[in-house]
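Next come the chains, spelled out residue by residue.
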Amino acid sequence: MIHCIRSALLALLFVTLLQSVCSDFQTLAHLRAKASEKTQSRAVVDLLRRLLGNRSRDFIVSVNRTLSNDTLDVCELRSAKNNKILAVGSTGVAVATGIYNYLKYFCNCHVSWSGDQLNIPRPLPALTGVLRINTPHRFRYYQNVCTQSYSSVWWDWPRWQREIDWMALNGINLPLAFTGQEVLWQEVYLSLGLNQTELDHFFTGPAFLAWNRMGNLFQWGGPLPQSWHVKQLYLQFKVLDRMRSFGMIPVLPAFSGIVPEGITRLFPQANVTKLNPWSHFNCTYSCAYVLDPRDPLFQRIGSLFLTQVIKEFGTDHIYNTDTFNEMAPASSDPTYLASISRAVFNTMTSVDPQAIWLMQGWLFISDPSFWKPDQVKALLHGVPLGRMIVLDLFAESLPVYSSTNSFYGQPFIWCMLHNFGGNSGLFGTVESINSGPFDAIRFPNSTLVGLGLTPEGIEQNPVIYELMSELAWRKEPVNLSKWVSLYALRRYGSMNENLTVAWQLLFHSVYNCTLPQYKNHNRSPLVHRPSLHMQTDIWYEPADFYKAWKLLFQAAPALVTLETFRYDLVDVTRQALQLLTTEFYKDIRNAFQAQKLPDLLTAGGVLVYDLLPELDHLLSSNEHFLLGVWLEQAQAQGVDEHEAQLYDINARNQITLWGPDGEILDYASKEWGGLVEDYYLQRWGLFVNTLVECLDRGRPFKQDIFNQAVFQVEKGFVYNQRKYPSKPLGDTYEIALRIFLKYYPYALKRLK
């Protein structure tokens, strides 16, 4: 009898435990901060010391998990003795976010990629009662797999430390952590019997690793030096330790099935398929070898890799891998697609039974003709509901959740992609991001579990990222006009009517693209190979933008000492010259087609001999717009001259040709001092001279012949080894004012 009772109790206990575990998976509750409350508190204290210096002592910090009873982050702030502020939060991230909210809205302070404004009142403004900052979103995700190549590829630890601080202040608790994985892949493949030559033909150079990881590209920019593996592994240890110390949940890599060609030598019976070329590449550097997930070797390689990942990096039980990134599957049969995702997931759970698969939803956007409802549903339902989180990667323009019944029951994160290629240029979709997350919450049977920032490149348009980060802690849309007015106050630390109106005009124009499904590649003729058929359309009213430009100058004399203001002055003036480049291009094209040589000489002369050189002078005057910084960071990763030169070529090629022969030409364009003068200006000079010569000799302009000539200019830049300044040159205000006085009247004239 006692035995029967004991058995029944054990069975009941087992069922209860099983239900608890299943419930945890369904709610994703097992994805949570692992660091102790003391460790998280210390991380925030150290952040405040780095950010505020001695003023950090004015804050008393405490982490208390019990403050939240539903896994949603919360922070409570109140005034304490001696004019101090006490901040208690459910995680380190929650405390950092709460304090940054206080700094923004009570102290008019600001932190960004392009400078801080931290003129903190003394004493700190008192709080009446409790200021409670909380979020309705379980996760706040950050980064795109491409960000690792377009932005952070050359970062050292101080730059990573700064970024992780920015993440904590802006509420990020689910960051991608992909650094250093190649050394683990190398260990796995060497253990299977591949040789180093085969691996050298597999890995790309550092600037292209994002697409190597996704199976798009191989060998280009390589071979990857062993010193790179060592440095990146050491860096990843520090990155993960710091992320976790704040209570963040880092997302680690898993196996998608992409393998080196050498696998076919070692395992000739394996079910390996060679895919078609990616983008405009041929099979020299593309054509991935994909191992069928149903092949036993898939399980073996995937579990070997994930075992290494967990051994070296620990785990928070969430992993990213992307099948079929911009590559079509072998079959559209739903049964096949479900078996693929099931096999990928089973590989994860064979090593980590608590694994959650985080998947970028880009494939559904990039190839909608393949991914119809049956195919999408099959891929998603190959994984148990609640064990996959889908990133709705470009939801501000092309949301997928609304056409898939909320990803057919799988949890998803509404993401703002915003930027492609890390391009320069002002851009935003403020109305869309202000309403989109709340539409997703209200969607019938919504499975929304968070908001995300997924730009391909960062360190641009800081206002958009501050707004989007803040919306994750709001319960309803903001008043955009009021919000941006307060943003201007925080960014510059002073109330100035001209600045308020300027930013309202920017939010009304360049930052409010409402064109359906618009992708923010910088389409300006300035940064593209010249032709007679270039895009000249824009999504905003230039008159509003030029008014904002003028208002910035009216406010400038009192603010030019501020780093944040100087950055914006350069950025807005740069955008104005980008607009005017389009106008001069139209004049050049029209003059050539009308065979008016004097008009062609005039427009071409202004563009090549004044506007573009002035733009280069302007950009060269600010530390945030320097080609030399990008190249110096790349070269610094090398342990000898040979490696430094390899990384230099990687860095130059990515932002220009993007491949040996311009396969993805100008996709990652940048408007930087040095790059404008030695790359874009040289192309435009050759174009104008060619058109003049054609008119002079009565010949037609032939694009293919010009392309051959201009390719030599482009390739010459990649390999010229010229040193570019990594420190600013010239007085930003003087240069910007000279440009404004010269070109503002012309801009107004073009509006008529």
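Computed from a predicted structure; not experimentally measured.

What counts and how
All chains use their own residue numbering, which begins from 1 and follows the written sequence. Reporting in this predicted model follows two pLDDT cut-offs: at least 70 for local features of residues, and 80 or more for side-chain atom pairs to be given and counted; totals over whole chains, interfaces and linings ignore these cut-offs and use all residues. As a rule here, side-chain values cover all heavy atoms of the structure and leave hydrogens and water aside. Secondary structure elements follow DSSP: runs of H or I of four or more residues count as helices, runs of E of two or more count as strands, with numbering from the N terminus. A radius of gyration in this sense is built from C-alpha atoms; the matching globule rule multiplies 2.2 Å by the number of residues raised to 0.38. Residues count as neighbours in contact if any of their non-hydrogen atoms are within 4.5 Å of one another. Here, Shrake-Rupley sampling with a 1.4 Å probe gives the accessible areas, and only protein chains in the shown set may cover a residue. We score Asp and Glu as negative and Lys and Arg as positive, and we do not count His or the chain ends. Lysine's charge is taken at NZ, arginine's at CZ, aspartate's at CG and glutamate's at CD. UniProt positions are given in the numbering used here, feature names are shortened, and annotations may be inferred rather than shown by experiment. Two kinds of site are reported from a 1 Å grid over the protein atoms alone, namely cavities, where a 1.4 Å probe fits but cannot get out, and pockets, open sets with protein on both sides within 12 Å along at least five of seven lines, and residues are called lining when an atom falls within 4 Å of a point. Grid points are joined across faces, edges and corners, and a volume is the space filled by probe spheres set on the points. We call Asp, Glu, Lys and Arg charged. Ala, Val, Leu, Ile, Met, Phe, Trp, Tyr, Cys and Pro are nonpolar, and the rest, Gly among them, are polar. Salt bridges are identified by distance alone: a Lys or Arg side-chain nitrogen within 4 Å of an Asp or Glu carboxyl oxygen. When accessible area is computed with a 1.4 Å probe and restricted to protein chains, residues below 20% of their type maximum are described as buried, those above 50% as exposed, and intermediate ones as partly exposed. Think of it this way: DSSP has to see at least two bridges between two strands before they count as a pair. Axis angles are defined between N-to-C directions and span 0 to 180 degrees, where every axis is a line fitted to C-alpha atoms and, for a helix, only to the segment in contact. Nonpolar cores were defined as sets of buried Ala, Val, Leu, Ile, Met, Phe, Trp, Tyr and Cys residues, with membership established by side-chain atoms within 4.5 Å. All domain edges in this entry derive from an automatic or database-based domain assignment. Once two parts are brought into contact, the accessible area they lose, counted with a 1.4 Å probe and summed over both, makes up the buried area. In the analysis that follows, any N or O atom pair within 3.5 Å is treated as a polar contact, provided that within protein one partner can donate a hydrogen and the other can accept it, and provided that, for residues neighboring in sequence, both atoms belong to side chains. Given the number of residues in a helix, its expected span is that number minus one, multiplied by 1.5 Å. Bend is computed residue by residue as the angle between axes fitted to the seven residues ending at the residue and the seven residues starting at it. Each angle gets one of four labels, with under 35 degrees taken as roughly parallel, over 145 as roughly antiparallel, 65 to 115 as roughly perpendicular, and the rest as oblique. The sense of a crossing depends on the near helix, which, turned anticlockwise from the far helix by less than a right angle, makes the crossing left-handed and, turned clockwise, makes it right-handed.

## A look at the overall build of the chain
If you tally the helices and strands in the chain, you get 27 helices and 17 strands. Computed over its C-alpha atoms, the radius of gyration of the chain comes to 27 Å, within 12% of the 27 Å expected for a compact globule of 752 residues. For the chain, the spread of C-alpha atoms along the three principal axes comes to 110 × 75 × 50 Å. For the chain, restricting intrachain contacts to residue pairs at least 6 apart in sequence, the fraction spanning at least 24 positions comes to 77%. Roughly 28700 Å² of accessible area belongs to the chain as shown, and the carbon and sulfur atoms make up 53% of that amount. Between the centroid of the 65 positive side chains of the chain and the centroid of its 67 negative side chains there is a distance of 6 Å.

## Section: the UniProt feature "domain: Alpha-N-acetylglucosaminidase tim-barrel" (unreviewed entry) in the chain
In this structure's numbering, the residues bearing the UniProt feature "domain: Alpha-N-acetylglucosaminidase tim-barrel" (unreviewed entry) are residues 140-475. Regarding residues 140-475, the helix share stands at 42% and the strand share at 12%, and the terminal C-alpha atoms are separated by 15 Å.

## Things to note about the layout of surface pockets
Sizing a probe to match a water molecule and rolling it over the atoms shows the empty space that remains. Within this model, the largest pocket holds a volume of roughly 930 Å³. Taken together, 38 residues line the largest pocket, and the ones lying closest to its centre are Arg 159, Glu 459, His 624, Val 629 and Gln 633. Of all the secondary structure elements, the ones that give two or more residues to the lining of the largest pocket are α5 (157-169), α21 (563-593) and α23 (627-636). Counted by class, the lining of the largest pocket contains 15 nonpolar, 12 polar and 11 charged residues. The volume enclosed by the second largest pocket comes to roughly 360 Å³. A class-by-class count of the residues in the lining of the second largest pocket yields 13 nonpolar, 7 polar and 3 charged.

## Comments concerning the pattern of salt bridges
Within this structure, the stated rule accounts for 33 salt bridges. The salt bridge partner of Glu 198 is Arg 265, with a shortest N-O separation of 2.8 Å. A residue pair is termed long-range when its members are at least 10 positions apart, and Glu 198 in helix α7 (residues 196-200) and Arg 265 in helix α10 (residues 262-266) qualify at 67 residues. Its relative accessible area of 46% is what places Arg 265 among the partly exposed residues.

## As for the sheet that holds strand β1 (residues 59-63)
Spatially, the 4 strands line up as an open sheet ordered β1-β3-β2-β6, and their pairing is mixed. Looking at which strands have only one partner, the edges of the open sheet turn out to be β1 and β6 (131-134). Ignoring strand direction, the axes of neighbouring strands in this sheet form an average angle of 20°. Both strand β2 (residues 74-80) and strand β3 (residues 84-89) contribute to a ladder of 6 bridges, which runs antiparallel. Bridge pairing in β3 links Glu 76 to Val 88. Sheet contacts for helix α3 (residues 92-107): β1, β2, β3 and β6; angle to β1, the most-contacted strand, approximately 150°.

## Section: the nonpolar core
With 263 residues, the main nonpolar core has Tyr 189, Ile 301 and Trp 414 as its most contacted residues. Per-element accounting of this core gives the leading share, 14 residues, to α21. Every residue in contact with Tyr 189, bar those within four places of it in the chain, is listed here: Leu 194, Leu 199, Phe 202, Phe 255, Ile 258, Val 259, Pro 260, Ile 263 and Ile 301.

## Thoughts on the domain arrangement of the chain
In terms of domains, the chain is made up of domain 1 (26-134), domain 2 (139-478), domain 3 (479-513 + 539-559) and domain 4 (570-751). Counting from both sides, the interface comprises 33 residues of domain 1 and, opposite them, 43 residues of domain 2. If you sort the residues of domain 1 by the area they bury against domain 2, Leu 28, Leu 31 and Trp 113 come out on top, with a joint share of 26%. Scanning the region where domain 1 abuts domain 2 turns up 5 salt bridges. Its salt-bridge partner being Lys 104, residue Glu 466 comes within 3.9 Å of it at the nearest N-O pair. Summed over the shared surface of domain 1 and domain 2, the result is 15 residue pairs in polar contact (both at pLDDT 80 or more). Elements with a minimum of two residues in the side of domain 1 that touches domain 2: α2 (37-52), α3, β4 (110-112) and β6. Looking at the side of domain 1 that touches domain 2, the element that brings in the most residues is α3, giving 8 residues. In the side of domain 1 that touches domain 2, the residues fall into 16 nonpolar, 11 polar and 6 charged.

## A word on unusual backbone geometry
Of note, the amide linkage connecting Arg 122 to Pro 123 takes the cis form, showing an omega dihedral of 0°. Its place among the elements puts Pro 123 in the loop between β5 (115-117) and β6. Here the residue pair Gly 222 and Pro 223 is connected by a cis peptide bond, since its omega of 0° sits within 30 degrees of zero. Position of Pro 223 relative to the elements: it lies in the loop between α8 (209-213) and α9 (226-245). Phi is positive for Asn 405, which is not a glycine, with a value near 50°.

## Let's talk about the environment of Asn 423
On the secondary structure map, Asn 423 appears in the loop between β16 (412-416) and α16 (430-442). Remark: the alpha-carbon pair of Asn 423 and Ala 668, spanning 245 residues in sequence, is separated by 5.7 Å. For Asn 423, the residues in contact, after removing those within four places along its chain, are Gln 460, Asn 520, His 521, Asn 522, Tyr 667, Ala 668 and Ser 669. A distance of 3.2 Å separates a polar side-chain atom of Asn 423 from the backbone oxygen of Ser 669.

## Looking at the side chain of His 110
Here His 110 shows up in strand β4. Reaching out from His 110, the side chain makes a polar contact with the side chain of Arg 491 at a distance of 2.9 Å. Apart from residues lying up to four places away in sequence, His 110 is in contact with Tyr 100, Gly 115, Asp 116, Gln 117, Leu 118, Glu 466, Tyr 487, Arg 490, Arg 491 and Thr 564.

## Comments concerning helix α22 (residues 597-619)
Over its 23 residues, α22 extends 32 Å from the first C-alpha to the last, a length consistent with the 33 Å expected when each residue adds 1.5 Å. Largest kink in α22: about 35°, centred on Leu 607.

## Some words on the packing of α22 against helix α27 (residues 732-751)
At a minimum axis separation of 9 Å, α22 and α27 run at an interaxial angle of 150°. Judged by the angle between their axes, α22 and α27 are roughly antiparallel. Relative to α27, the crossing made by α22 is left-handed. Where α22 approaches α27, its residues Val 606, Asp 610, Leu 611, Glu 614, His 617 and Leu 618 are matched on the opposing element by Thr 732, Ile 735, Ala 736, Arg 738, Ile 739, Lys 742 and Tyr 743. The residue inventory of the contact of α22 with α27, partitioned by class, reads 7 nonpolar, 2 polar and 4 charged.

## Considerations on empty space enclosed by the protein
The full count for this structure, using the stated rule, is 8 cavities of 30 Å³ or more. Its boundaries defined by the atoms lining it, the largest cavity holds a volume of some 230 Å³. Taken together, 20 residues form the lining of the largest cavity, with Gln 181, Arg 213, Met 214, Ala 254 and Ser 256 sitting closest to its centre. Contributing elements (two or more residues each) for the lining of the largest cavity: α6 (182-192) and α8. It is α6 that contributes the most residues to the lining of the largest cavity, 3 residues altogether. Considered class by class, the residues forming the lining of the largest cavity number 11 nonpolar, 6 polar and 3 charged.

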